[in-house]
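What follows is the residue order along each chain.
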Amino acid sequence: MLSPRDLIFGVQFIKDYETGVVYCPMYSLDHPQFPEKANPVRASIILAGWLLVPNKDGCSTVYCAEINPNGNIPKSLIKFSADLQGKIVADLKKYMISK
């Protein structure tokens, strides 16, 4: 049986006004309204964020995420989750083009 997971995180938006580059680091948080419990298992961000770089065609995007799910998870589910993470950038591109 796989235990559910939760993740409490914050995101900063930092813009370099000279270059137009936007940095969006993400990090795990402790929050008094959402104390850690035994169930669900609290995942934690090791390194994650977005880098948005303007270019002549619009914007180049880099997304990285290293998240520790904590606890025991079958490798097949970890791979499935990693594949979904890669889909985030493609979905964002489709959304932005539609706007």
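Preceding block: the structure.
The present account deals with the structure reproduced in this document. (Residues numbered from 1 in each chain as written. Predicted model: local features only at pLDDT ≥ 70, side-chain atom pairs only at ≥ 80, totals over all residues. Heavy atoms only, no water.)

## Thoughts on the overall build of the protein chain
Line of reasoning, step 1. Summing up its helical and strand segments, the protein chain has one helix and seven strands in all.
Line of reasoning, step 2. Since a compact globule built from 99 residues should have a radius of gyration of about 13 Å, the 16 Å found for the protein chain marks it as more spread out than a globular shape.
Line of reasoning, step 3. Projected onto its principal axes, the C-alpha coordinates of the protein chain cover approximately 50 × 30 × 25 Å.
Line of reasoning, step 4. Considering only intrachain contacts with a sequence separation of at least 6, the fraction spanning at least 24 residues in the protein chain is 46%.
Line of reasoning, step 5. Total accessible area computed for the protein chain in this model is approximately 7,700 Å², and 61% of it derives from carbon and sulfur atoms. (Helix = DSSP H or I, 4+ residues; strand = E, 2+ residues; numbered from the N terminus. Rg over C-alpha atoms; globule rule 2.2 N^0.38 Å. Contact = heavy atoms within 4.5 Å. Areas by Shrake-Rupley, 256 points an atom, 1.4 Å probe, with all protein chains shown as cover.)

## Quick notes on unusual backbone geometry
Line of reasoning, step 1. Here the bond from Asn-39 into Pro-40 is cis, since omega is 10°, no more than 30 degrees from zero.
Line of reasoning, step 2. By secondary structure assignment, the location of Pro-40 is in the loop between strand E4 (22–28) and strand E5 (41–42).
Line of reasoning, step 3. Notably, Asn-70 is not glycine yet its phi reads approximately 55°, a positive angle.
Line of reasoning, step 4. Considering the arrangement of structural elements, one finds Asn-70 in the loop between strand E7 (58–68) and helix H1 (75–98).
Line of reasoning, step 5. What makes Asn-70 partly exposed here is its relative accessible area of 24%. (Buried < 20%, exposed > 50% of the residue type's maximum accessible area, 1.4 Å probe, protein only.)

## Focus on the pattern of salt bridges
Line of reasoning, step 1. Per the stated rule, a full pass over the model turns up four salt bridges.
Line of reasoning, step 2. A salt bridge links Asp-6 to Arg-42; its shortest N-O distance comes to 2.8 Å. You can see Asp-6 sitting in strand E1 (residues 5–6) and its partner Arg-42 sitting in strand E5, a full 36 residues away along the chain.
Line of reasoning, step 3. Its relative accessible area of 9% is what places Arg-42 among the buried residues.
Line of reasoning, step 4. In this structure, Lys-79 engages Asp-83 in a salt bridge whose closest nitrogen and oxygen atoms are separated by 3.0 Å. Remark: Asp-83 and Lys-79 occur in helix H1; sequence separation between them is four residues, near one turn of the helix.
Line of reasoning, step 5. Given the relative accessible area of 52%, Lys-79 is considered exposed. (Salt bridge = Lys/Arg side-chain N within 4 Å of Asp/Glu carboxyl O.)

## With respect to the nonpolar core
Line of reasoning, step 1. Counting residues in each nonpolar core, the largest one holds six residues, listed as Val-22, Cys-24, Met-26, Ile-45, Ala-48 and Trp-50.
Line of reasoning, step 2. Those elements giving two or more residues to this core turn out to be E4 and strand E6 (44–55).
Line of reasoning, step 3. Residues within four places of Val-22 in sequence aside, it is in contact with Ile-14, Lys-15, Trp-50, Leu-51 and Leu-52. (Core = buried A, V, L, I, M, F, W, Y, C linked by side-chain atoms within 4.5 Å.)

## What to know about the environment of Asp-30
Line of reasoning, step 1. Inspection of the secondary structure assignment puts Asp-30 in the loop between E4 and E5.
Line of reasoning, step 2. Separated by 34 residues in sequence, Asp-30 and Cys-64 have C-alpha atoms that sit 22 Å apart.

## Describing the environment of Gln-85
Line of reasoning, step 1. Along the chain, Gln-85 turns up in helix H1.
Line of reasoning, step 2. Separated by 20 residues in sequence, Gln-85 and Ala-65 have C-alpha atoms that sit 7.9 Å apart.
Line of reasoning, step 3. Those residues in contact with Gln-85 that sit more than four places away from it in its chain are Tyr-63 and Ala-65.

Read these as spatial facts, not as claims about activity.
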